[in-house]
Amino acid sequence: MKAKVPKPCCMYCQRCQMQPASRTVHDQWGQPHAFCEMCATQVQVFGTLQKMLLPALMQPSLPAQQSCPGCHISWQQLQQQSHLGCPQCYRHFRAALGATMTRLHGHTQHGGRHPARPAGPEKPTPASVQQQLDQAVAEQRFEDAAELRDRLRGMQEGSP
Amino acid sequence: MKDLQCAWLGELGPQQGVVLSSRIRLARNLDGYPFPPSCRPGSLSDVLTLVTDRASQLPDYTVVDMSRVHPVESHLLVERHLISPAFAASTRPRSLILSPDSRIALMCNEEDHLRLQCLVPGLQFSEAWKQASEVEEFLGQTLPFAFDEQFGYLTSCPSNAGTGLRASAMLHLPGLAWINALENIFQQVGQLGLTVRGLYGEGTQSAGHLVQVSNQVTLGPSEEEIVTKINAVCDQIIHYECSARRQLLNEQRLVVEDRCWRSLAILREARILDANEAMQHISMLRLGVDLALIPALPMALLNEMLVRIRPAGLQMESGHELAPAERDVVRARLIRQMLSDNQA
């Protein structure tokens, strides 16, 4: 069902912001958008409101049955709508999205901040494992201590 | 809504002759919920409750339920760059959360669950980034933002993933336009991974020699690297714009003066002004003020004029809906009034 259309009487075109909005176009989610004649025509020709060339960057074809377990959107649908359905889409389509990210950003690896409060289970750091090891030794839990020592050694060898 | 405080309009910032404002925008989503375009209204309402509950703990912030805002008022928010045109037109459950001076604006349930922006006058990216990241950290203490070790902060559109950070500056470049060098600058900006857009963002046209420069790449570089890069590029564009203005003064002073004074005369006397013509003359007036060719006109007045002459601003001014032809008359009257008030 399409959403209620706002009266574009007072509005200028949502795209160019220069001409009065005279036409309403609904996007693929049923959201209304008010455009002038020229912009409405362009939007309908290109078939999408923004990011017109994004589908070209989401090229690799995946089997149709491979849908995201979180929102059940297929890769083919994602290519058409140029938006992902949910955070799980990123995990499910990781390999295909890696190629898209290279084309979009020139990178595939995040190099910025991490959330203040991690959304997933907290990743152990060498410092936190050392702390657990010290506590296990102090409490004479030697089996736990040996396991923690091996884990710490593995982390230290794995780090550059 | 008419008396909405807007720091970027009322105050002046560094490099104000060329830069109207700097903006940092962060996109965030809550883990466990589909992104707004694919999310059912019930779940969107849950997101809205979670975000507004946390955001309302920010001191003196105002929560605006967008479903209760009149279309003219929501368009006024677009004209003041506090919300996007798509957010104004949307019918999803959504709200806007504003700091007292409107520097910080949070759109809840736009394309992403949370779009946080800090908008400041002049060229002040570091300041805008500092303020935006403080608010983001506060929200992130209780809100579980969707995050992935490889793709960073997860956003509805992959073009925003990673840092979710879009830094943009609104630049006034009449000097470069005059010497026909804008196209060249835009090409070079594009080669640096930045993009140039119209005044109201994606898909909008530029008017009055006003453009928005913003970063395109959000995944890979850190937030600080993105901010440093756009700041350096804007500094360079400002340098070229100032050189162009100086060269024009040296070589064609009388012609520049004539154009600026003609624009002032038209704005002081015209009875009908469409948006394009008004923007064009205000642009010349801004140039004249910056070059000290036209005395005693405050830059803040011209910045305010650029916003108040937009359709929703005019309708708020007149108190009723206006047909396009009526708007041109009200616009001309408002400009005459603003200029004569300043003379008094």
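Here the structure is a predicted model, which means the values were calculated and not measured.

Caption draft 1: Fine view of the overall build of chain B. Summing up its helical and strand segments, chain B has 12 helices and 10 strands in all. Its C-alpha radius of gyration of 21 Å places chain B within 12% of the 20 Å reference for a compact globule of 344 residues. Counting only C-alpha atoms and orienting by the principal axes, one finds that chain B spans roughly 65 × 45 × 30 Å. Relative to its 344 residues, chain B shows a buried fraction of 54%.

Caption draft 2: Spotlight on the overall build of chain A. In terms of helices and strands, chain A carries seven helices and two strands. Written out in order from the N terminus, the α and β elements of chain A read β-β-α-α-α-α-α-α-α. Out of the 160 residues in chain A, the part that is buried amounts to 29%. If you take every contact in chain A between residues at least 6 apart in sequence, the share linking residues at least 24 apart comes to 25%.

Caption draft 3: Examining the nonpolar core more closely. If you look at the biggest cluster of nonpolar residues, it comprises 101 residues, and the most contacted ones within it are Cys89 of chain A together with Ile24, Leu106 and Leu171 of chain B. When residues no more than four places from it in sequence are discounted, the contact partners of Leu171 of chain B are Val18, Val19, Val211, Val213 and Ile237 of chain B. By size, the runner-up hydrophobic cluster in this structure holds 22 residues, among which are Leu273, Ala278, Met284 and Ile309 of chain B.

Caption draft 4: Layout of the sheet that holds strand β10 (residues 210-215) of chain B. Residues and elements named next belong to chain B. Read from one edge to the other, the open sheet built from eight strands follows the order β2-β3-β4-β5-β1-β8-β10-β9, with strand pairing classed as antiparallel. Strand pairing shows two members of the sheet lacking a second neighbour, β2 (62-65) and β9 (194-197), which therefore form its edges. Between one strand axis and the next, the sheet turns through 20° on average, direction left out of account. Sheet topology places strand β1 (residues 19-28) next to strand β5 (residues 114-121); eight bridges connect them, and they run antiparallel. Each residue of the ladder has a partner; that of Ser21, found in β5, is Pro121. Sheet strands in contact with helix α7 (residues 182-191) are β9 and β10, and its direction is about 140° off that of β9.

Caption draft 5: Spotlight on helix α5 (residues 125-140) of chain B. Residue and element names in this part refer to chain B. Its 16 residues give α5 an end-to-end C-alpha distance of 22 Å, which sits within 8% of 22 Å, the value for a rise of 1.5 Å per residue. The complete set of buried residues in α5 reads Phe125, Ala128, Trp129, Ala132, Ser133, Val135, Glu136, Leu139 and Gly140. Projected onto a plane normal to the axis of α5, the buried residues spread over an arc of 165° and lie on a single side. Where the residues of α5 are buried, they touch β1, α2 (41-55), β4 (104-108), β5, β8 (165-172) and α8 (223-269).

Caption draft 6: The packing of helix α3 (residues 71-79) of chain B against helix α11 (residues 311-318) of chain B, seen in detail. All names here are of chain B. α11 packs onto α3 with a crossing angle of 130° between their chain directions and a minimal axis gap of 8 Å. One way to sum up the angle between α3 and α11 is to call them oblique. Considering how the two elements wind past one another, α3 and α11 form a crossing that is left-handed. Residues Val72, His75, Leu76 and Glu79 of α3 pack against Pro311, Ala312, Gly313, Gln315 and Met316 of α11.

Caption draft 7: Summary view of the environment of Glu136 of chain B. Residues and elements named next belong to chain B. Structurally, Glu136 can be placed in helix α5. The sequence separation of Glu136 and Arg308 amounts to 172 residues, and the corresponding C-alpha distance is 31 Å. If sequence neighbours within four positions are ignored, Glu136 has contacts with Leu26 and Leu116.

Caption draft 8: Spotlight on the pairing of strand β3 (residues 95-98) of chain B. Residue and element names in this part refer to chain B. Burial along β3 is two-sided: the face carrying Ser95 and Ile97 and the face carrying Leu96 and Leu98 are both buried. With four bridges connecting them, β3 and β4 associate as antiparallel partners. Bridge pairing in β4 links Ser95 to Cys108.

Caption draft 9: Structural view of the packing of helix α10 (residues 299-308) of chain B against helix α12 (residues 324-343) of chain B. All names here are of chain B. Contact pair α10 / α12: the axes reach a minimum separation of 11 Å and the direction vectors enclose 165°. Judged by the angle between their axes, α10 and α12 are roughly antiparallel. α12 is crossed by α10, and the crossing has right-handed handedness. Seen from α10, the contacting residues are Leu301, Met305 and Arg308; seen from α12, they are Leu334, Ile335, Met338 and Asn342. When its residues are assigned to classes, the contact of α10 with α12 shows five nonpolar, one polar and one charged.

Caption draft 10: Looking closely at the confidence of the model for chain B. All names here are of chain B. In this model, chain B carries an average pLDDT of 90, and 96% of its residues clear a pLDDT of 70 or more. Confidence over residues 201-205 falls short of pLDDT 50; this stretch has 16 contacts with residues more than four positions distant or in other chains. With a pTM of 0.81, the predicted complex shows an ipTM of 0.84.

Basis of the calculations
Residues numbered from 1 in each chain as written. Chains lettered and ligands numbered in written order. Predicted model: local features only at pLDDT ≥ 70, side-chain atom pairs only at ≥ 80, totals over all residues. Helix = DSSP H or I, 4+ residues; strand = E, 2+ residues; numbered from the N terminus. Rg over C-alpha atoms; globule rule 2.2 N^0.38 Å. Buried ≥ 20, exposed ≤ 12 C-beta atoms within 10 Å, placed from the backbone. Contact = placed C-beta atoms within 7 Å. Core = buried A, V, L, I, M, F, W, Y, C linked by C-beta atoms within 7 Å. Pairing = 2+ DSSP bridges. Axes fitted to C-alpha atoms, helices over the stretch in contact; angles between N-to-C directions. Expected span 1.5 Å × (residues − 1). Arc of directions from axis to C-beta. Parallel < 35°, antiparallel > 145°, perpendicular 65-115°, else oblique. Left-handed = near helix turned anticlockwise from the far one by under 90°. Nonpolar A, V, L, I, M, F, W, Y, C, P; charged D, E, K, R; others polar. pLDDT = per-residue confidence, 0-100.

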